[in-house]
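Structure at a glance
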Amino acid sequence: MCAKDCPDPNDPPEGFYAALVARHSSDGVVISGPDRKARWVNTAFTAQTGYGPADILGKEPGSLLQGADTDRDAARSIALACAQRREVRLDILNYTRDGTPFWVDLKVTPVYDTDGLHTHFISTMRDISERKTLEDQNEEMRQAESLRQSERQLLALTSEWLYSAKSFEELLMVVRRAMHTLIPEADGALYIYATQRNTLDLVASWGTIPDFPGHILPDDCWALRRGRAYAFGLKPIQFPCDHVHQKDTPYFCLPIIAHGETIGLMHIIFDGFEEGGLMRHMRAEVLNNRWDVSLICAEQISLAVANVRLRQELHERSMRDALTGLWNRRWFTEQAARELANAERENTPLSLVAVDVDHFKRFNDRFGHDAGDLVLREVAELMQAIVSDTVFPCRLGGEEFTLLCVGMPRACAVDQAEELRTRVAALQLSSGGSSLPCVNISCGVASYPQDGKSLAQLMKLADTALYAAKEGGRNRTISVADLSVS
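In short, a report on the structure. Per chain, residues are indexed from 1 in the order of the written sequence. With the structure being a predicted model, the display of local features is reserved for residues of pLDDT at least 70 and the display and counting of side-chain atom pairs for 80 or more, all residues being used for whole-chain, interface and lining totals. Computation of side-chain values: all heavy atoms of the structure, hydrogens and water removed.

**Here's the deal with the overall build of the protein chain**
A tally of regular secondary structure across the protein chain gives 15 helices and 18 strands. Each radius of gyration reported is based on C-alpha atoms, and the globular scaling rule is 2.2 Å times the count of residues to the power 0.38. By the compact-globule yardstick of 23 Å for 486 residues, the protein chain is too spread out, its C-alpha radius of gyration being 43 Å. With respect to the three principal axes, the spread of C-alpha positions in the protein chain is 145 × 50 × 45 Å. Buried residues are those whose accessible area, probed at 1.4 Å on protein chains only, stays under 20% of the maximum for their type, while exposed residues exceed 50% and partly exposed ones sit between those limits. The 486 residues of the protein chain split such that 41% are buried. Every residue pair with non-hydrogen atoms within 4.5 Å of one another is taken to be in contact. Partitioning the intrachain contacts of the protein chain with sequence separation of at least 6 by distance along the chain shows that 55% fall at a separation of at least 24. All accessible-area figures derive from a Shrake-Rupley calculation using a 1.4 Å probe, and residue coverage is judged against the displayed protein chains alone. When the accessible surface of the protein chain is summed, it comes to about 26700 Å², and 52% of that surface belongs to carbon and sulfur atoms. For the protein chain, the distance from the average site of its 52 positive side-chain charges to the average site of its 67 negative ones is 2 Å. Secondary structure follows DSSP: runs of H or I at least 4 residues long count as helices, runs of E at least 2 residues long count as strands, and numbering of each begins at the N terminus. None of His or the chain ends enter the tally, which takes Lys and Arg as positive and Asp and Glu as negative. Where a charge lies is defined by one atom per residue type, namely NZ (Lys), CZ (Arg), CG (Asp) and CD (Glu).

**A short note on unusual backbone geometry**
That bond from Tyr 448 to Pro 449 is cis: its omega, 10 degrees, falls within 30 degrees of zero. For Arg 36, which is not glycine, the phi torsion reads 70 degrees and is therefore positive. Position of Arg 36 relative to the elements: it lies in the loop between strand 1 (28-32) and strand 2 (38-41).

**Some words on the pattern of salt bridges**
When their charged atoms lie close together, side chains carrying opposite charge are able to pair. By salt bridge we mean one thing: a side-chain nitrogen of Lys or Arg within 4 Å of a carboxyl oxygen of Asp or Glu. Per the stated rule, a full pass over the model turns up 20 salt bridges. When the shortest N-O distance is used, the salt bridge between Arg 197 and Glu 261 registers 3.1 Å. Of this pair, Arg 197 sits in the loop between strand 6 (187-193) and strand 7 (200-206) while Glu 261 sits in strand 11 (residues 261-269), and the two are 64 residues apart along the sequence. By relative accessible area, which is 35% here, Glu 261 ends up partly exposed. Here Arg 423 ties to Glu 419 by a salt bridge, and the two come within 3.4 Å at their closest N and O atoms. Taken together, the residues Arg 423 and Glu 419, both in helix 13 (residues 410-425) and 4 residues apart, mark about one turn of the helix. Three or more residues are tied together by salt bridges with common partners; here these are Asp 91, Arg 131, Lys 132 and Glu 135.

**A word on the sheet that holds strand 14 (residues 400-406)**
For sheets, the rule is that strands pair by backbone hydrogen bonds, running either parallel or antiparallel. Should DSSP find at least two bridges between two strands, the strands are regarded as paired. The strand order across the open sheet built from 5 strands is 13-14-12-17-18, with neighbouring strands paired in mixed fashion. One side of each edge strand has no neighbouring strand; the edge strands of this open sheet are strand 13 (391-397) and strand 18 (477-479). Adjacent strand axes in the sheet meet at a mean angle of 20 degrees, parallel and antiparallel pairs treated alike. Relative to strand 14, strand 13 is paired through 6 bridges, and the arrangement is antiparallel. Bridge pairing in strand 14 links Gly 397 to Glu 400. For helices, the fitted axis covers only the stretch in contact; all axes are lines through C-alpha atoms, and the angles between them, taken along N-to-C directions, range from 0 to 180 degrees.

**Focus on helix 12 (residues 369-386)**
Here helix 12 is 18 residues long and its end C-alpha atoms lie 26 Å apart, about the 26 Å a rise of 1.5 Å per residue gives. Among all positions in helix 12, only Ala 371, Gly 372, Leu 374, Val 375, Leu 376, Val 379, Ala 380, Leu 382, Met 383 and Ile 386 are buried. For helix 12, the elements touching its buried residues are strand 12 (350-357), helix 11 (360-367), strand 13, strand 14, helix 13 and strand 15 (430-431). What a helix should span is 1.5 Å times the count of its residues minus one.

**Observations concerning helix 7 (residues 168-182)**
For helix 7, which comprises 15 residues, the first-to-last C-alpha distance of 21 Å matches the rise-based estimate of 21 Å (1.5 Å per residue) to within 8%. Of all the positions in helix 7, only Leu 171, Leu 172, Val 174, Val 175, Ala 178, Met 179 and Leu 182 are classed as buried. Axial view of helix 7: buried residues confined to an arc of 160 degrees, hence all on one face. Away from its buried face by more than 90 degrees, helix 7 exposes Glu 169, Met 173 and Arg 177. Arc, as used here, means the arc of the directions from the helix axis to the C-beta atoms.

**Details of the sheet that holds strand 3 (residues 88-95)**
As summarised here, the arrangement of the 5 strands in space is 2-1-5-4-3, forming an open sheet in which the pairing is antiparallel. The sheet terminates laterally at strand 2 and strand 3, the two strands that pair on one side only. In this sheet, adjacent strand axes meet at a mean angle of 30 degrees when their direction is disregarded. Seen against the sheet, helix 5 (residues 72-83) touches strand 3, strand 4 (101-112) and strand 5 (118-127) and runs at an angle of roughly 130 degrees to strand 3.

**Overview of the packing of helix 10 (residues 329-346) against helix 14 (residues 455-471)**
Where helix 10 meets helix 14, the axes come as close as 10 Å, and the angle between the chain directions of the two elements is 120 degrees. With respect to their mutual orientation, helix 10 and helix 14 come out oblique. Only Leu 455, Leu 458 and Met 459 of helix 14 make contact with helix 10, whose side of the interface consists of Arg 329, Phe 332, Thr 333, Ala 336, Ala 337 and Leu 340. Side-chain classes are defined by residue name, with Ala, Val, Leu, Ile, Met, Phe, Trp, Tyr, Cys and Pro counting as nonpolar, Asp, Glu, Lys and Arg as charged, and the others, Gly among them, as polar. Across the contact of helix 10 with helix 14, the residue classes break down as 7 nonpolar, 1 polar and 1 charged. Angle categories: roughly parallel below 35 degrees, roughly antiparallel above 145, roughly perpendicular from 65 to 115, and oblique for all the rest.

**Quick word on the pairing of strand 13**
Counting buried positions along strand 13 yields 5 of 7 residues, so the element is predominantly enclosed. Counted between consecutive antiparallel strands, the loop separating strand 13 from strand 14 contains 2 residues, among which Gly 398 sits at a positive phi close to 60 degrees.

**What to know about the packing of aromatic side chains**
Aromatic rings from Phe, Tyr and Trp, taking only the six-membered ring of Trp, are treated as a pair when their centres fall within 6.5 Å; an angle between ring planes under 30 degrees marks them as stacked, one over 60 as edge-to-face, and anything in between as tilted. For the structure on display, the rule yields 7 aromatic pairs. Their ring planes at 15 degrees and their centres at 5.1 Å tell us that Phe 232 and Tyr 251 sit as a pair that is stacked. Of this pair, Phe 232 sits in strand 9 (residues 230-232) while Tyr 251 is found in strand 10 (residues 251-258), placing the two residues 19 residues apart along the sequence. The pair Phe 232 / Tyr 251 is uniform in exposure class, with both members buried. Relative to Phe 392, the ring of Trp 331 lies with its centre 5.6 Å away and its plane at 55 degrees, an arrangement referred to as tilted. Here Trp 331, found in helix 10, pairs with Phe 392, found in strand 13; they are 61 residues apart in sequence, far enough to count as distant. Accessibility expressed as a relative area gives 8% for Trp 331, which makes it buried.

**Concerning the pairing of strand 6**
Where burial is concerned, most of strand 6 is hidden: 7 out of the 7 residues are buried. Burial of strand 6 is two-sided: the residues Asp 187, Ala 189, Tyr 191 and Tyr 193 facing one way and the residues Gly 188, Leu 190 and Ile 192 facing the other way are all buried. Here strand 6 runs beside strand 7; their pairing, made up of 6 bridges, is antiparallel. Across the sheet, residue Ile 192 finds its bridge partner in strand 7, namely Asp 201. What sits between strand 6 and strand 7 in their antiparallel hairpin is a turn of 6 residues, with Arg 197 showing a positive phi close to 60 degrees.

**Quick look at the environment of Ala 354**
Mapping Ala 354 onto the fold places it in strand 12. Ala 354 sits in the buried class, given a relative accessible area of 4%. With 47 residues separating them along the chain, Ala 354 and Phe 401 place their C-alpha atoms 6.1 Å apart. If we ignore the near neighbours within four places in the chain, the residues touching Ala 354 are Phe 401, Thr 402, Ser 442, Cys 443, Gly 444, Ala 462, Asp 463 and Leu 466.

Spelled out as structure tokens, the structure:
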């Protein structure tokens, strides 16, 4: 046997080193009996917990160290492992003698003698509070980033839907759903300026129990008066808007701007978001986040409104006659086909009134094209003045007009044509300082279903009746029924 394998007789006994480790280890150590009651603790345990030997000996360590926020499952896992005399290691929240919480990496190991008899438990506790704090911070950052990512995805989706809206009604539908999804803890409303710009009208609202006035005045809102978004509840110096009834509730007012013009206001109010509901710093953090989201949404809604307005304007231009403002031939062809299909499906009447200005060429030849344009505009204005929600005046070209009369039988369409003819005959016009001759029109009426089943048939028959009116001396109304009689 080599000399190096022999123990040095000058070395202290093994117990000396064990005591040295136990005394100077930075980890807390508790030695308990099989009944889990403490029999010895090292100085590091006292330094960690504030409990000395006199406080813990004869007691189960968990009865002193565990507290209100200690994970009950972790405590049960320790008890089960000890009952089964097996090793267990886990993280658990403990409390010091003065009530300060701290996290430990706890390892409980059963000890057996040479005969296999269970004699002790050795519990070692390493303070991991700093590691837990970092883990919690990382988890908060991860959750915050996850929330931001979710918000970015929702904002991108909202933007996509907003720019896909073809009409203002579709746009409002998207705004309601998107804002309620993005800021679920708030109620909101969208106001748009009235035509005279003296009030703003409520056009959409969302939330759990939205209750907003139907109209507000521009001077009642600080955002509109100052020309920029306003957040109430975030600044030390602030004043509530007059249109808000709950003066202590946080809210946002965000102007909606299209083509450089303020056209409306988005109002978001955090009803039920009182000071006692959240700690002050959490309340401010949530409001600041919602403020950033609201600003982005207001900008997107503003751009979407401008986009819808431009689209509607281009659509109107493509469907309106530039001179008279009436619907043009393209609109008439599409709309008349739809209405005729509806009439066939619902078994309702429909009539066409073909209208032509008598001797129109003489206005252009004798008085110039300005006079001819004046005649066309005046006839169109009378058409718009006498029509109802179911009668649509159209200019098909030149001096040719048509009234699309939805749900109107032949007799009523003839009456409508006669009223228009009478009013036109009463016009007194002058151009370039000269009085114009009396303006007259001739009208031809064709009706579904008795006169024809297709749009082409009805248009041809209405024109045939119109030509008959002209051949009969002009300034009169003739229906397809009059043609069959004659």
